[in-house]
Structures are given as structure tokens and as C-alpha cells.
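Close look at the chain arrangement
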Amino acid sequence: MDLHDLPPPLLQVRQLCKSYPAPRRHWLALPAQQRVLNNVDFELHAGRCLGLVGASGSGKSTLARLILVLESPTSGQVLLDGQDLHRLPAAALRPLRQHMAMVFQDPATALNPRRSVGWSIAEPLTAHGNLAPADIAQRVAQALEHVGLHPHDAQRYPHSFSGGQRQRIAIARAIITRPRLLVLDEPVSALDVSVQAQVLNVLLQLQQELGLAYLLISHDLAVISHLCHHMLVLHAGEVVESGSPQQLQRAAHDPITQALLRSVPTITPGAARQRYAAHHNQ
Ligand SMILES: Nc1ncnc2c1ncn2[C@@H]1O[C@H](COP(=O)(O)OP(=O)(O)O)[C@@H](O)[C@H]1O
Ligand SMILES: [Mg+2]
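Here is what the cut-offs are and how they apply
- Residues numbered from 1 in each chain as written.
- Chains lettered and ligands numbered in written order.
- Predicted model: local features only at pLDDT ≥ 70, side-chain atom pairs only at ≥ 80, totals over all residues.
- Heavy atoms only, no water.
- Helix = DSSP H or I, 4+ residues; strand = E, 2+ residues; numbered from the N terminus.
- Buried < 20%, exposed > 50% of the residue type's maximum accessible area, 1.4 Å probe, protein only.
- Areas by Shrake-Rupley, 256 points an atom, 1.4 Å probe, with all protein chains shown as cover.
- Axes fitted to C-alpha atoms, helices over the stretch in contact; angles between N-to-C directions.
- Parallel < 35°, antiparallel > 145°, perpendicular 65-115°, else oblique.
- Left-handed = near helix turned anticlockwise from the far one by under 90°.
- Contact = heavy atoms within 4.5 Å.
- Nonpolar A, V, L, I, M, F, W, Y, C, P; charged D, E, K, R; others polar.
- pLDDT = per-residue confidence, 0-100.
- Pairing = 2+ DSSP bridges.
- Phe/Tyr/Trp six-rings, centres within 6.5 Å; stacked < 30°, edge-to-face > 60°.
- Lys NZ or Arg CZ within 6 Å of the ring centre and 35° of its normal.
- Core = buried A, V, L, I, M, F, W, Y, C linked by side-chain atoms within 4.5 Å.
- Domains from an automatic or database assignment.
- Salt bridge = Lys/Arg side-chain N within 4 Å of Asp/Glu carboxyl O.

A tally of helices and strands in the chain yields 10 helices and 10 strands. With 282 residues in all, the chain has 47% of them scored as buried. As presented, the chain carries roughly 14,500 Å² of accessible surface, and 52% of it is formed by carbon and sulfur atoms.

In C-alpha cells, the structure reads:
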């Protein structure tokens, strides 16, 4: 394929920097800045999964908040379809927000315990759009089926589901506006190991069905290897390594990546994706 035939990236992150005011060590000290992200650069195409791995405090969640325009960068750009999200006027940004959604580590963030699951899943639609109630109910039923749950589950309340099911419901809520990019911040870290693979497989299947792009954040290389075509290693706010999980396992340059890889002896990069493809016989 000719290089010019490639569609432009869905997401481009360019020279992104973020600083926060550092805590003052002494009352006479000058106000200082703590740099949390430093010149982060990457691209993500539709239908692809990019893994972002790094130790706690390396800046992963900050990067997610900047991409979803929940916070502003100190400098640099986040482009969606070539549009610089942080420089758009609010009216132009509002429709673009529907193209992106986030799944958090703890599904409780997305689910109101006092409301039915259907209400919580529908909320991103009811908050913005003007769809008829019957259309909303149909979209909720579809979303539940997409994550392997039953449309009748819409009437139940979050407490009656298991942790893995609650995370599926949070994923249903994230896809209800039909986004093109999902940012998944440690989506299975809070789940039992036995349930983690089920939720990852739901994500894998959704990606195939809907052509979603994923930015998958995790401190767990086994999780990244399960889903991602390409991965970045973030250390103290800088991208220190970039490649496929297989490439990095063979030849990581960076000592931090090497240490990360050594700490996960059991991973077989891409194995789940191959098993999945074989099973579904594409
Ligand atoms: N709102 C904030 N104000 C000040 N410092 C922050 C804020 N958010 C994050 N930080 C700091 O930024 C660094 C990176 O945090 P974070 O992005 O949450 O890392 P990760 O998700 O990789 O664990 C940490 O040192 C954290 O203390
Ligand atoms: Mg985090």
C-alpha cells in the first residue's frame, strides 16, 4: 500500500507537556513547577490499540485527562482528526467530545448506586442529545448486548452485579455515544485475575465489531500484551521506549523497560489476539 493511502491518524499527541505547581519545601522558597509530562509524542489510528505502560506516578492518568480535554496542557497539542482540541472554541469542541470516552479502574466512578444500570448507561446520551426515550432504550439494550449482558439487565441496580459485570456496564456506558476512541485507564486492575481475561476479551471483541481505537493504560505488561499492537513506556513523564510488545520483549533498549519485562515472566505477547482470531476464523 502506498504511504499516501493511509488514513490520517485519529489521534495525534504532539510535544505534550504538563507541569503542576510543586509543593513548597520552605516558606521562603520560590514557587516551583513539577513537570509531569515532557514532550510526549505519538499517533493512534482507527481500529488500533496503543498500550501505555509505566510505573505509578509516571504521568499516565494525566496524559489521559489531557487527551479527553478534562485539563489543559502547559504546551503541546492533542489533535483529533487533525483538529487541535485544546485550541477549539467550546461550541466546536462539544460535538467532538462525543467521539471520545473513558473507562476507569473503578466502575463505581461511572455508575450511580441509586439509579438503574440502564439510567447510568443512558446518561451520556440524555445529557447531550435529544433522542426519543424509545430510541435511548434501544441504544441501551444494544450496548448491553455488545458487552455480553442481557437487555433486561437495564432495570437492575449496580449492587446486584459482580465486579466484572459492573466493569462491563461501565464499558457499555462508554460506548453509548458511539465514540471512536476509548481511553481505558487500568480497566481490569481492580478485578480478580480470573475475571480480568473475560473483560479484556469483551474489549477485544468490541474493537473488532465497532472499529474502535483504544489507548490502554496499565502498569501490567501482560494486560498490554493481550490487546495492543504497539506500546509506549512512560517514565517520569517521558516516552522512553516505543514498539510492539513482541519487539520490546526481544530488545528493549531502556533499563526501565527491561526491568518491567523481567517482572512479568509469563507473558506471551499477542497470544490472546491470535487465539481470538483463530477462534473466530477471520
Ligand atoms: N492535579 C494535580 N496537581 C498536582 N500534581 C499532580 C496532579 N495530578 C497528578 N499530579 C502528579 O503528577 C504525577 C503523575 O501522576 P499521574 O498522572 O496520576 O500518574 P499515573 O497515572 O502514571 O500513576 C504524580 O507525581 C502526581 O503526584
Ligand atoms: Mg493513574
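A word on the packing of helix 5 (residues 163-175) against helix 6 (residues 193-210). Running from N to C, helix 5 and helix 6 point in directions that differ by 20°, and their axes come no closer than 10 Å. Here helix 6 runs roughly parallel to helix 5, going by the angle between their axes. Here helix 5 and helix 6 pass one another in a crossing that is right-handed. The segment helix 5 lies against helix 6, with Gly164, Gln167, Arg168, Ile171 and Ile175 engaging Val195, Gln198, Val199, Val202, Leu203, Leu206 and Leu210. Residues of the contact of helix 5 with helix 6, tallied by class, amount to 8 nonpolar, 3 polar and 1 charged.

This part takes up the confidence of the model for the chain. Mean pLDDT over the chain stands at 88; residues scoring 70 or higher make up 89%. Here helix 10 (residues 271-280) is the element of the chain with the lowest mean pLDDT, 50, and strand 4 (residues 75-80) is the one with the highest, 98. Every residue in residues 265-271 scores below 50 in pLDDT, and together they form 10 contacts with partners more than four places removed in sequence or on other chains.

Attention now goes to the sheet that holds strand 5 (residues 83-84). Across the sheet, 4 strands lie side by side as 2-1-4-5; this open sheet has antiparallel pairing. Pairing within the sheet leaves two strands with one partner each, and these edge strands are strand 2 (33-44) and strand 5. Relative to strand 5, strand 4 runs antiparallel, the two sharing 2 bridges. Within the sheet, the bridge partner assigned to Leu79 lies in strand 5 and is Asp84. Contacts from helix 1 (residues 60-67) reach strand 1 (11-21), strand 2 and strand 4, with the element oriented near 120° to strand 1.

Here we come to the packing of aromatic side chains. Within this structure, the stated rule accounts for 0 aromatic pairs. The positively charged end of Arg115 is found above the aromatic ring belonging to Trp119, 4.3 Å away from the centroid. If you follow Arg156 out to its NZ or CZ, it ends over the ring of Phe161, 4.0 Å from the centre.

Within the largest apolar cluster, 44 residues are counted, with the highest numbers of intra-cluster contacts made by Ile121, Val140, Leu182, Tyr214, Leu216 and Leu227. Residue assignment places this core across two domains, with domain 1 (7-22 + 32-99 + 180-282) and domain 2 (108-178) each supplying three or more. The contact partners of Leu182, leaving out residues within four places of it in the chain, are Ala101, Ala174, Ile175, Leu212, Ala213, Tyr214 and Leu215. Core analysis: the next-biggest nonpolar cluster, separate from the first, contains 30 residues, Val13, Ile67, Val78 and Leu234 among them.

For helix 3 (residues 117-128), the full list of buried residues reads Val117, Gly118, Ser120, Ile121, Ala122, Pro124 and Leu125. For helix 3, the elements touching its buried residues are helix 4 (133-146) and helix 5.

As enumerated under the stated definition, the model contains 6 salt bridges in all. Lys18 is the salt-bridge partner of Glu71, the closest N and O atoms lying 3.7 Å from each other. Here the residue Glu71 occupies a position in the loop between helix 1 and strand 4, and Lys18 occupies one in strand 1, the gap between them amounting to 53 residues. When the shortest N-O distance is used, the salt bridge between Arg156 and Asp153 registers 3.0 Å. Taking the relative accessible area as the measure of exposure, Asp153 reaches 10% and is therefore buried. A single network of salt bridges, built from pairs that share partners, joins Lys18, Arg65 and Glu71.

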